[in-house]
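The primary structure of each chain is shown beneath.
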Amino acid sequence: MSQKDKLIVFDTTLRDGEQSPGASMTLDEKVRIAKSLERLRVDVIEAGFPNASQGDFESVRAVARSVRESTICGLARAINSDIDRCGEALADAESARIHTFIATSPIHMQQKLRMSPEEVVERAVAAVKRARKWTDNVEFSCEDAGRSELDYLCRVIEQAIKAGARTINIPDTVGYNVPSQFGETIRQLLERIPNADQAVFSVHCHNDLGLAVANSLEAVINGARQVECTINGLGERAGNASLEELVMAVRTRQDVFPCETHIYTPEIVPASRLVSSITGFAVQPNKAIVGANAFAHESGIHQDGMLKNRETYEIMRAEDVGWKTNKMVMGKHSGRNAFKTRLEELGVNFETNEELNGAFARFKELADKKHEIFDEDLQALVSETQHEK
Ligand code: KIV
Ligand code: ZN
């Protein structure tokens, strides 16, 4: 048995992910995605914001009724009506969590909430206590923590834990932080808050500067034990930290991370495909882990290395994240060895070296004209060579 801590994976594809402009989903689609997240063994599924609309309420309730293996979470502002609606939507869940939040940065408190820091602490405490009437599993978030003052964050969080929050989430709401700074914030919070050991510290990073995954990982190295993320990095504006990248970074670099997730990684690609087809958001080919080229090799040098030992150019196995296999793309950079191997896989064996060299020369001519050479092209090319004999 491993001695490592568990890293809790909290997926918010159905809530923050749905906040991507153009990504709204129907109730049935949300249930399909939730079932896919359950197969992935995601620990917590944030299913929506029940008081946002009747549709959101019904979707959260439907997810709570159909998923048994993951905890189902609903989002609520620090307002009684939001919290109670959330509690009602989650009533049938096997395991339920209420996630309540209020902003703690000077700009949000002054300009958006128009509340004093003292009033925000009072509101946070009241919200956590209200949520605790529904469930013991309460998460509290300091919205825009990434731009909040550290002393003030310590004060709010200490009070939220005293009121009964068991998960404390530190969002970098506008993706403003850089890894070293964000990691240091987590380290300081854990060190300075006297009752920090009574809660799990979580992070929720947005990707405005393309740093969401890096910031989350640095937070984990500094003591966070829950990461909030979405499939394909979907989410408000530039999105959230991507689940597949976080999970595979932690799994691949166990030498660096003091914890591990319980995610069933072969379900990663199916989940990515499902979310992409439902939302209509295409996955870029060079996207880590789930992009079509993530395990494709074209250059002759790489293909030759791969044929000798996969680990020359692969740090993960394609099959471990749900691809059927890695892919040797036949193109103008491919070498003779890869060409010969692919043809052998197609059942074509050359009798002489001259024959192989002739076919390879024709292949290179064709590859100069065509981006990717498919198996059908190879078969046509070989049968032409053989007919000319
Ligand atoms: O980005 C954010 O701050 C949020 C909170 C509601 C957690 O999504
Ligand atoms: Zn967010």
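Just so you know, these numbers come straight off a predicted model, no measurement behind them.

Looking at this structure, how should I read the UniProt feature "binding site: Mn(2+)" (unreviewed entry) in the chain?
In the UniProt entry, the feature "binding site: Mn(2+)" (unreviewed entry) is given for Asp 16, His 204, His 206 and Asn 240. Annotated residues spanning 225 residues; largest pairwise C-alpha distance 10.2 Å, indicating a single compact cluster. With respect to the helices, strands and loops of the structure, His 204 is situated in strand β8 (residues 200–205). Residue classification places His 204 among the buried positions, given that 30 C-beta atoms sit within 10 Å. Other than its neighbours up to four places away in sequence, His 204 contacts Ser 141, Asn 169, Pro 171 and Glu 228. Positionally, Asn 240 belongs in the loop between β9 (226–229) and α9 (243–252). According to the C-beta neighbour criterion, Asn 240 is buried, with 32 such atoms within 10 Å.

What exactly am I supposed to notice about the pairing of strand β5 (residues 96–103) here?
The side chains of a regular strand alternate between both faces of the sheet. In terms of burial, β5 is a largely internal element, 8 of the 8 residues being buried. Neither face of β5 is left uncovered, since the one carrying Ala 96, Ile 98, Thr 100 and Ile 102 and the one carrying Arg 97, His 99, Phe 101 and Ala 103 both have all their residues buried. Where strand β4 (residues 71–77) lies against β5, 6 bridges are found, and the strand directions are parallel. The residue of β5 that forms the bridge with Cys 73 is Arg 97.

I tried to follow the site of ligand 1 on my own but got confused; where do I start?
In the neighbourhood of ligand 1, the contacting residues comprise Asp 16, Phe 101, Ser 141, Glu 143, Asn 169, Pro 171, Thr 173, His 204 and His 206. Of all the elements in the fold, those that place two or more residues in the shell around ligand 1 are β6 (138–143) and β7 (167–172).

What is the right way to read the packing of helix α8 (residues 212–221) against α9 from this model?
For any two helices packed against each other, one specifies the inter-axial angle together with the distance between the axes. Taken N-terminus to C-terminus, the directions of α8 and α9 make an angle of 40°; their axes are 10 Å apart at the nearest point. Classified by the angle their axes make, α8 and α9 are oblique. Where α8 crosses over α9, the two elements pack in a sense that is right-handed. Residues Val 213, Ser 216 and Leu 217 of α8 touch α9, and the partners they reach there are Glu 245, Leu 246 and Ala 249.

Reading the values: rules and limits
What you see as residue numbers is a count from 1 along each chain, following the sequence as written. Whichever chain is written first becomes A and whichever ligand is written first becomes 1, with later ones labelled in order. The predicted nature of this model means local features are confined to residues of pLDDT at least 70 and side-chain atom pairs, given and counted, to a pLDDT of 80 or more, with totals for whole chains, interfaces and linings taken over all residues. UniProt positions are given in the numbering used here, feature names are shortened, and annotations may be inferred rather than shown by experiment. Secondary structure follows DSSP: runs of H or I at least 4 residues long count as helices, runs of E at least 2 residues long count as strands, and numbering of each begins at the N terminus. To assign burial, the other C-beta atoms lying within 10 Å of each residue's own C-beta are counted, with C-beta atoms placed from the backbone; 20 or more indicates buried, 12 or fewer indicates exposed, and intermediate counts indicate partly exposed. By the convention adopted here, residues are in contact when the distance between their C-beta atoms, placed from the backbone, does not exceed 7 Å. Two strands pair under a simple rule: DSSP has to find at least two bridges between them. For each residue, a C-beta atom is placed from the backbone, and the residue counts as near a molecule or strand when that atom lies within 6 Å of it. The axes used here are C-alpha line fits, helices contributing only the stretch in contact, and every angle between their N-to-C directions lies in the interval 0 to 180 degrees. Should an angle fall under 35 degrees it is taken as roughly parallel, and over 145 as roughly antiparallel, whereas 65 to 115 is taken as roughly perpendicular and any remaining angle as oblique. In a left-handed crossing the near helix is turned counterclockwise from the far helix by less than a right angle, and in a right-handed crossing that turn is clockwise.

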